[in-house]
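If you want the building blocks of each chain, they are given just below.
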Amino acid sequence: MSHEYVPEIAVDRDGKEHTVQGWQDDFYGAKLGFWLFMFTEVLMFGAMFMALTYYFTLHHDDFLIASSSLNRVLGGTNTVVLLFSALTMGLGLLKMRHGDVKGAKLMIWATILLALVFLGIKAVEWTAEYNHGIFLGLDALQAGNPSSKPFGQILFFGMYFTMTGIHGFHIIIGIGIMLWLLKRINSGKVSPEHYILHFNIALYWDLVHLIWVFVFPYYYMIGAGLTGGAH
Amino acid sequence: MSTEITKSYKEEQAGYFKVLAGLLLLTALTFIQPTMFMESATFAVQMLIGTVKAWLILMYYMHLKGEKLIIMFTYFSLFIVLVFFVIVIGFDVVNFQYGELSHITSGDAAAAASETHGAAHAEPAHH
């Protein structure tokens, strides 16, 4: 008896009842669900920004000195790269909605390319920092040994590598889901009539961009006014 | 009908490029601000510019303009963050009874660590 099929009923604005055949075309529901997921992301990064702000109030000068040592040219280039990738992702969605599937796919490939450029620049930056002895686990960032940096700078760089690392991980996830999106488009499961997956992945990419909008000034720019910085 | 769709497409595309121009302008402002103006309030100005950029991205790239329910959720989330992360935890942090014992919060301990180990390591990471 417990396995008896009970159809779900939806009621329209006029009070008429309809048997639900499936929720796959529930565009607004899918969008709202994805926004709820994104709020959890915001809470995660929000907590990290709060911790960063607290440490900044405790070790103000150390944070400014550490910030001034980061490479603003590479960080700034990555900011512009992400900005253009958000544009290509948005234009891809626009093309998909208006029936230009080939154009949409081209724009997704452009976004993937820009994401790889971002990761490449990040890799160059991290490698340079490693070569200067600044990386998680190296002596300079371990308190209590002769070559340690001041404690505030250890906190700054610890948070820097953690947050830019998690952000980079989101970029990698983004590339993965964009490749999956291309596969779904090729198989006809995402089309100008059913593009919610494309819409949500574009939202995800904008969130990744949005987080960087705060990561960049917080780490690279707060100490930019100090003399002796790299750039 | 097709003309109408084409017009709408072009209008939306123009919208994307206008937002891009705004974001590029604000990014340029981010770069020049620390050495050009309001140097004593760099952190506040940088966060303000970031907030304006975030607003543009949310409203136009993330299509929140006109989405009353999601905007309401966003404000509610911000309210929750404000209450719990800032007010409640902030109050707790101000009255932290183990402040002197903690390596992070104790100014003396941190200063001592800096003096002992870090004096020669304030040089830039890149040259």
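Position labels on residues start from 1 in each chain and follow its written sequence. Lettering for chains starts from A, numbering for ligands starts from 1, and both go in the order in which the items are written. Per-residue local features of the predicted model are confined to residues with pLDDT of at least 70, and side-chain atom pairs are confined, for both listing and counting, to 80 or more; whole-chain, interface and lining totals are unaffected and use all residues.

Enquirer: Explain the overall build of chain B here, please?
Expert: Of the regular secondary structure elements, chain B holds four helices and zero strands. Counting from the N terminus, the helices are DSSP H or I runs at least four residues long and the strands are E runs at least two residues long. Taken from the N to the C terminus, the helices and strands of chain B come in the order α-α-α-α.

Enquirer: Looking at this structure, I do not really get the packing of helix α1 (residues 27–58) of chain A against helix α6 (residues 196–221) of chain A. What am I missing?
Expert: The axes of two packed helices give the description: the angle between them and the distance between them. Residue and element names in this part refer to chain A. Helix axes are fitted only over the stretch in contact, all axes being lines through C-alpha atoms; the angle between N-to-C directions runs from 0 to 180 degrees. Remark: α1 packs on α6, axes separated minimally by 10 Å, with the N-to-C direction vectors making an angle of 15°. Considered as vectors, α1 and α6 are oriented roughly parallel to each other. Crossing hand, α1 versus α6: right-handed. Packed against α1, whose contacting residues are Phe 27, Ala 30, Lys 31, Phe 34, Met 38, Glu 41, Phe 45, Phe 49 and Leu 52, the element α6 presents Ile 196, Phe 199, Asn 200, Leu 203, Leu 207, Ile 211, Phe 214 and Tyr 218 at the interface. Polar here means any residue outside two lists: the nonpolar Ala, Val, Leu, Ile, Met, Phe, Trp, Tyr, Cys and Pro, and the charged Asp, Glu, Lys and Arg; Gly therefore counts as polar. Residues belonging to the contact of α1 with α6 are distributed by class as follows: 14 nonpolar, one polar and two charged. Here roughly perpendicular refers to angles of 65 to 115 degrees, roughly parallel to angles under 35, roughly antiparallel to angles over 145, and oblique to all remaining angles. Each crossing is labelled by how the near helix is turned from the far one, with a counterclockwise turn of less than a right angle marking it left-handed and a clockwise turn marking it right-handed. With C-beta atoms placed from the backbone, a contact is any residue pair whose C-beta atoms sit within 7 Å.

Enquirer: Please clarify how unusual backbone geometry should be interpreted in this entry.
Expert: Phi is mostly negative for residues that are not glycine, and the peptide bonds are mostly trans. Residues and elements named next belong to chain B. Despite not being glycine, Met 38 shows a phi value in the positive range, around 50°. Among the structural elements, Met 38 can be located in the loop between α1 (2–36) and α2 (42–61). Not every positive phi belongs to a glycine, and His 63 is a case in point at roughly 55°. Among the secondary structure elements, His 63 is positioned in the loop between α2 and α3 (68–94).

Enquirer: Even after reading the chapter, I still don't get the interface of chain B and chain A, so can you show me in this structure?
Expert: Think of interface size as the accessible area that goes away when the parts come together; that is how it is often given. Facing the 43 residues of chain B at the interface are 52 residues of chain A. Sorting the residues of the side of chain B that touches chain A by element identifies α1, α2, α3 and α4 (107–118) of chain B as the ones contributing at least two each. It is α1(B) that provides the largest number of residues to the side of chain B that touches chain A, a total of 13 residues. Of the residues in the side of chain B that touches chain A, the class split is 25 nonpolar, 15 polar and three charged.

Enquirer: Please clarify how the packing of helix α3 (residues 72–97) of chain A against helix α4 (residues 101–131) of chain A should be interpreted in this entry.
Expert: Residues and elements named next belong to chain A. Packing of α3 against α4 brings their axes to within 8 Å, and their N-to-C directions diverge by 165°. Considered as vectors, α3 and α4 are oriented roughly antiparallel to each other. When the axes of α3 and α4 are compared, the crossing they make is left-handed.

Enquirer: How do you make sense of the environment of A:Trp126 when you look at a structure like this?
Expert: Residues and elements named next belong to chain A. Within the secondary structure, Trp 126 sits in helix α4. C-beta crowding within 10 Å serves as the criterion here: with 17 such atoms nearby, Trp 126 is assigned to the partly exposed category. Between the C-alpha atom of Trp 126 and that of Gly 165, which follows or precedes it by 39 residues, the distance is 9.9 Å. The exposure label follows from counting other C-beta atoms within 10 Å of a residue's C-beta, where the C-beta atoms are placed from the backbone and the thresholds are 20 or more for buried and 12 or fewer for exposed, leaving partly exposed in between.

Enquirer: For this particular structure, what's the right way to read the environment of A:Leu32?
Expert: All names here are of chain A. Secondary-structure assignment places Leu 32 in helix α1. A tally of 14 C-beta atoms within 10 Å means that Leu 32 is categorised as partly exposed. A C-alpha to C-alpha distance of 25 Å links Leu 32 and Met 48, two positions 16 residues apart in sequence.

Enquirer: I tried to follow the confidence of the model for chain B on my own but got confused; where do I start?
Expert: It should be kept in mind that the predicted coordinates are not to be read in detail where pLDDT is low. All names here are of chain B. Confidence scores labelled pLDDT are given residue by residue by the predictor and lie between 0 and 100. Scored by pLDDT, chain B has a mean of 78; 75% of the residues are at 70 or more. Of all the helices and strands in chain B, α4 carries the lowest mean pLDDT, 50, while α2 carries the highest, 94. Scored by ipTM, the complex comes to 0.86, with pTM at 0.83.

Enquirer: What am I meant to see in α1(A) here?
Expert: Two residues of an α-helix separated by three or four positions point the same way, owing to the 3.6 residues in each turn. If you check α1(A), its first and last C-alpha atoms are 47 Å apart, about what 32 residues at 1.5 Å a residue would give, namely 46 Å. Buried residues of α1(A): A:Trp35, A:Met38, A:Leu52, A:Tyr55 and A:Phe56, and no others. Looking at the buried side of α1(A), the elements it contacts are α2 (60–68), α5 (151–186) and α6 of chain A together with α3 of chain B. Expected span of a helix, by definition, is 1.5 Å for each gap between consecutive residues, and there is one gap fewer than residues.

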